[in-house]
Amino acid sequence: MPKSPFRVLLVEDNPLEVMLVRAWLLGREGVPVPDPERSPFDVTHAGCLADAMSLLQSERFDAAVLDLGLPDSTGLRTAETVRRAFPELPVVVLTGAEDGRIAVEALQMGIQDFLFKGHTDGPQLDRAVRFAAERIQGVAALRASQQMLQSALDALPGHIAILDGAGSILAVNAAWQRAPATRHALGACYDVGANFRL
């Protein structure tokens, strides 16, 4: 059974850049797809942030490739708007603004990758988009695992705290949180992050 296409939202206002990125991701115009055995990308284009936000609200995408210089939004505000509204969407920035400081800030706000136009090729973009999606899926799986562990801890009636090797509290269960005598033993507050050395 064939895999469904990997849906990418390309947010770019320059028609030549749109053609180039489509060529890279779809393997057209003589530019080969790096891994032809995999399902092709399905690329949807938005020429401004408002159109992109509308598409993201109405359709499901596996990743977004985002330019930071759009007619209705520029700079990191563009990336921040998308991340805030769609935190689970893998976003790769592909921009002409060659500023390493902006790249670091973008990565710190949760952008999965930051590529510079003129220094990127098809295989690099292909990898960036796929790896971004894999990282987001990995984070979601880790979060689900942590929630399952917390639920299991909370189901236990005893007062339980999980400590690291230095004695810092990493997690506590619901019984621990409900018991003021446990949380404030020996006159100190022992919540997550506190050091529990007796």
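Here we come to the pairing of strand S3 (residues 63–66). The alternating pattern of S3 places Ala63 and Val65 on one face and Ala64 and Leu66 on the opposite face, and all of these are buried. Pairing between strand S1 (residues 6–11) and S3: four bridges, direction parallel. Residue pairing across strands places valine 11 opposite leucine 66, the latter belonging to S3.

What follows covers the packing of aromatic side chains. Applying the stated criterion to the full structure yields two aromatic pairs. Ring centres 5.5 Å apart and planes at 90 degrees place the aromatic pair phenylalanine 6 and phenylalanine 41 in the edge-to-face group. Residue phenylalanine 6 is found in strand S1, and its partner phenylalanine 41 is found in strand S2 (residues 41–46); the two are separated by 35 residues along the sequence. Of the two residues examined, phenylalanine 6 and phenylalanine 41, each falls in the buried class. With 5.3 Å between their ring centres and 70 degrees between their planes, phenylalanine 114 and phenylalanine 116 make a pair best called edge-to-face. The ring of phenylalanine 61 has arginine 7 sitting right over it, with the charged end atom 4.5 Å from the ring centre.

What follows is about the confidence of the model for the chain. When pLDDT is averaged across the chain, the result is 81; 81% of the residues are at 70 or more. Averaged pLDDT values over the elements of the chain bottom out at 57 in helix H7 (residues 180–183) and peak at 97 in helix H2 (residues 49–58).

Right, let's get into the sheet that holds S3. Strand pairing within a sheet occurs via backbone hydrogen bonds; the two strands may be parallel or antiparallel. The sheet built from five strands is open, its strands ordered S2-S1-S3-S6-S7 with parallel pairing. On the outer flanks of this sheet lie S2 and strand S7 (113–116), each paired with one strand and no other. Averaged over all pairs of adjacent strands, the angle between strand axes in this sheet comes to 20 degrees, irrespective of strand direction. Two elements, S1 and S2, share six bridges in a ladder whose sense is parallel. Across the sheet, the residue bridging to phenylalanine 6 is phenylalanine 41, located in S2. Helix-sheet contacts for H2 involve S1 and S2, and the interaxial angle to S2 is about 135 degrees.

On to the pattern of salt bridges, then. All told, the structure shown has nine salt bridges when counted by the stated rule. Taking the shortest distance from any N to any O, the salt bridge between aspartate 42 and arginine 7 comes out at 3.2 Å. Placement of the pair is aspartate 42 in strand S2 and arginine 7 in strand S1, with a sequence separation of 35 residues. The exposure class of arginine 7 is buried, given its relative accessible area of 16%. Across the pair glutamate 88 and arginine 143 runs a salt bridge, and its minimum N-O distance is 3.3 Å. One end of the pair, glutamate 88, is in the loop between helix H3 (76–85) and strand S6 (91–95); the other, arginine 143, is in helix H5 (residues 122–155), and 55 residues separate them in sequence.

Here helix H1 (residues 15–26) is 12 residues long and its end C-alpha atoms lie 16 Å apart, about the 16 Å a rise of 1.5 Å per residue gives. At the N-terminal boundary of H1, the capping side chain belongs to asparagine 14, with an oxygen 2.8 Å from the backbone nitrogen of leucine 16.

Right, let's talk about the packing of H2 against H3 for a bit. Remark: H2 packs on H3, axes separated minimally by 11 Å, with the N-to-C direction vectors making an angle of 15 degrees. The angle between H2 and H3 places the two elements in the roughly parallel class. When the axes of H2 and H3 are compared, the crossing they make is right-handed. Residue-level inspection shows Leu49, Met53 and Leu56 of H2 in contact with H3, the latter providing Thr78, Thr81, Val82 and Ala85. Taken together, the residues of the contact of H2 with H3 sort by class into five nonpolar, two polar and no charged.

Turning our eyes to something else, we now look at the nonpolar core. In this structure, Leu9, Leu56, Leu66, Leu68, Val82, Leu89 and Phe114 are the most contacted members of the largest nonpolar core, which totals 25 residues. Looking at this core, the elements that each hand over two or more residues are S1, H2, S3, H3, S6 and helix H4 (100–108). When near neighbours in sequence (up to four residues on either side) are disregarded, leucine 9 contacts Thr44, His45, Ala46, Ala52, Leu55, Leu56, Phe61, Ala63, Ala64 and Val65. Ranked by size, the runner-up nonpolar core spans 20 residues in total, among them Phe41, Leu115, Ala128 and Ala133.

Cut-offs used in this document
- Once a new chain begins, its residue numbering starts again from 1 and follows that chain's sequence as written.
- Under the rules for a predicted model, residues below a pLDDT of 70 receive no local features and side-chain atom pairs below 80 are neither given nor counted, while totals for whole chains, interfaces and linings still include all residues.
- Water and hydrogen atoms were dropped before computing side-chain values, which therefore reflect all heavy atoms in the structure.
- When accessible area is computed with a 1.4 Å probe and restricted to protein chains, residues below 20% of their type maximum are described as buried, those above 50% as exposed, and intermediate ones as partly exposed.
- Put simply, DSSP H or I for four residues or longer makes a helix, DSSP E for two residues or longer makes a strand, and each gets a number counted from the N terminus.
- Being paired, for any two strands, means DSSP has found at least two bridges between them.
- Pairing of aromatic side chains here covers Phe, Tyr and the six-membered ring of Trp, requires ring centres within 6.5 Å, and sorts the geometry by plane angle: under 30 degrees stacked, over 60 edge-to-face, intermediate tilted.
- Each ring is checked for a lysine NZ or an arginine CZ that lies within 6 Å of its centre and within 35 degrees of its normal; such an atom marks a charge sitting over the ring.
- Scored between 0 and 100, pLDDT is the confidence that the predictor attaches to each residue.
- Axis lines are fitted through C-alpha atoms, for helices just across the contact stretch, and the angle between N-to-C directions can take any value from 0 to 180 degrees.
- Every residue pair with non-hydrogen atoms within 4.5 Å of one another is taken to be in contact.
- Every case where a carboxyl oxygen of Asp or Glu lies within 4 Å of a side-chain nitrogen of Lys or Arg is listed as a salt bridge.
- Helix span is expected to be 1.5 Å times the residue number reduced by one.
- Residues adjacent in sequence count toward polar contacts only when both atoms are side-chain atoms; beyond that, a polar contact is any pair of N or O atoms within 3.5 Å, and within protein one must be able to donate a hydrogen and the other to accept it.
- Reported orientations rely on four angle classes, namely roughly parallel under 35 degrees, roughly antiparallel over 145, roughly perpendicular from 65 to 115, and oblique for the rest.
- The crossing is said to be left-handed when, going from far helix to near helix, the turn is anticlockwise and less than a right angle, and right-handed when the turn is clockwise.
- Note on residue categories: nonpolar means Ala, Val, Leu, Ile, Met, Phe, Trp, Tyr, Cys or Pro, charged means Asp, Glu, Lys or Arg, and polar means any other residue, Gly included.
- Definition used in this section: a nonpolar core is a set of buried Ala, Val, Leu, Ile, Met, Phe, Trp, Tyr and Cys residues joined via side-chain atoms within 4.5 Å.

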